[in-house]
Amino acid sequence: MICIADSAQGSSGSPFPLGPPEPAIRQFDGRDIATVSRIVGEALREHYDSSLYFSLSQAWPEGFLVAVDVADVPVALLLGVAQIPGEARILMFAVDRPYRRHGVGSRLMDEFLARSRQRGMHKATLEVRVGNTNAIRFYTRYRFSVMDLLRGYYSDGENGYQMARDLLSTPFPWPGRAKP
Ligand code: ACO
């Protein structure tokens, strides 16, 4: 099992006072590897060999999504895998810092949950650092619940939460974020 660390937190420092142009969502492509690696390195503080992205994209191409700017360059990614029948696991999820808090992550999550359901999956899971309050807030609004405490899950010793949500009980189309 791959253990994915996350996440850098902090202020956005957005260069888009009126909000960035709305990114389009598409499947990951081999040309995206360098940019995706950079975003993962900065946001999740992890560095993986390019071959990992390639092999995971081959396993479930529809589950590896990127949000791209007007030049078709990724500004965010959501890498989902289908290791357990009926379950979609979110392995990596990150938005490039200038694009955070503008709804990009929500658009990626909406698309991923819809695709997971279309594939007949009944459950979505993920792991997150216990200290990553911003991401936990995001996931909670998406109706993920903490299922387990994963002691020493991350390479630096931090504990993780396993979170999960049911995919069948929510009617289609997805309502997206739960209201706080
Ligand atoms: N502070 C407080 N709440 C936040 C924050 C924040 N910094 N970021 C997101 N949220 C919550 C809010 O409830 C927000 O709604 P609001 O803006 O109406 O208050 C809601 O999430 C939706 O926000 P989006 O704009 O759609 O989310 P964003 O595009 O910023 O993506 C993400 C969220 C992926 C967590 C992004 O902030 C990020 O890349 N963070 C750093 C990397 C990270 O932590 N990734 C997840 C690790 S776990 C894993 O990879 C499986």
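Within each chain, residue numbers correspond to sequence positions counted from 1 in written order. Totals for whole chains, interfaces and linings use all residues, but because this is a predicted model, local features are given only for residues with pLDDT of at least 70 and pairs of side-chain atoms are given and counted only at 80 or more. With hydrogens and water stripped out, all remaining heavy atoms of the structure feed into the side-chain values.

A.B. asks: Would you mind going over the environment of Y142 in detail, with residue names and values included?
C.D. replies: The helix and strand labels rest on DSSP assignments: H or I over at least four residues marks a helix, E over at least two residues marks a strand, and numbering proceeds from the N terminus. Along the chain, Y142 turns up in the loop between α4 (133-141) and β6 (145-150). Burial classification: accessible surface area is computed with a 1.4 Å probe over protein chains only, and a residue below 20% of its type maximum counts as buried, one above 50% as exposed, and the rest as partly exposed. When its relative accessible area of 1% is taken as the criterion, Y142 is described as buried. Taking the C-alpha atoms as reference points, Y142 and S106, separated by 36 residues in sequence, lie 8.8 Å from one another.

A.B. asks: So what's going on with the site of the ligand? Residues and values would help.
C.D. replies: Taken together, the neighbourhood of the ligand is formed by 26 residues, with F93, V95, R101, G105 and S106 sitting nearest. Pairs of N or O atoms within 3.5 Å make up the polar contacts considered here, provided that, within protein, one atom can donate a hydrogen while the other can accept it, and that residues adjacent in sequence are counted only when both atoms are side-chain atoms. Measuring from an oxygen atom of the ligand, one finds a backbone N or O atom of G105 at 2.7 Å. When the free accessible area of the ligand is taken as 960 Å², the share hidden by the protein chains comes to 88%. Counting residues per element, the ones that place at least two in the shell around the ligand are α1 (33-44), β4 (87-95), α3 (104-118) and α4. In terms of residue count, α4 provides more of the shell around the ligand than any other element does, six residues in total. Put simply, Ala, Val, Leu, Ile, Met, Phe, Trp, Tyr, Cys and Pro go in the nonpolar bin, Asp, Glu, Lys and Arg in the charged bin, and everything else, Gly too, in the polar bin. Here the shell around the ligand is built from residues that sort into 12 nonpolar, seven polar and seven charged. Put simply, a residue is near a molecule or strand once any heavy atom of it comes within 4 Å of that molecule or strand. A 1.4 Å probe and the Shrake-Rupley method give the accessible areas. Residues count as covered only by the protein chains that appear here.

A.B. asks: Would you mind going over the side chain of R115 in detail, with residue names and values included?
C.D. replies: Locating R115 in the fold gives a position in helix α3. R115 sits in the buried class, given a relative accessible area of 19%. Polar side-chain contacts of R115 include one of 3.3 Å to the backbone oxygen of E62. By the convention used here, residues are in contact when the closest approach between their heavy atoms is within 4.5 Å. Residue contacts for R115: discarding those within four places in its chain leaves Q27, E62 and L65.

That's the geometry; what it means functionally is another story.
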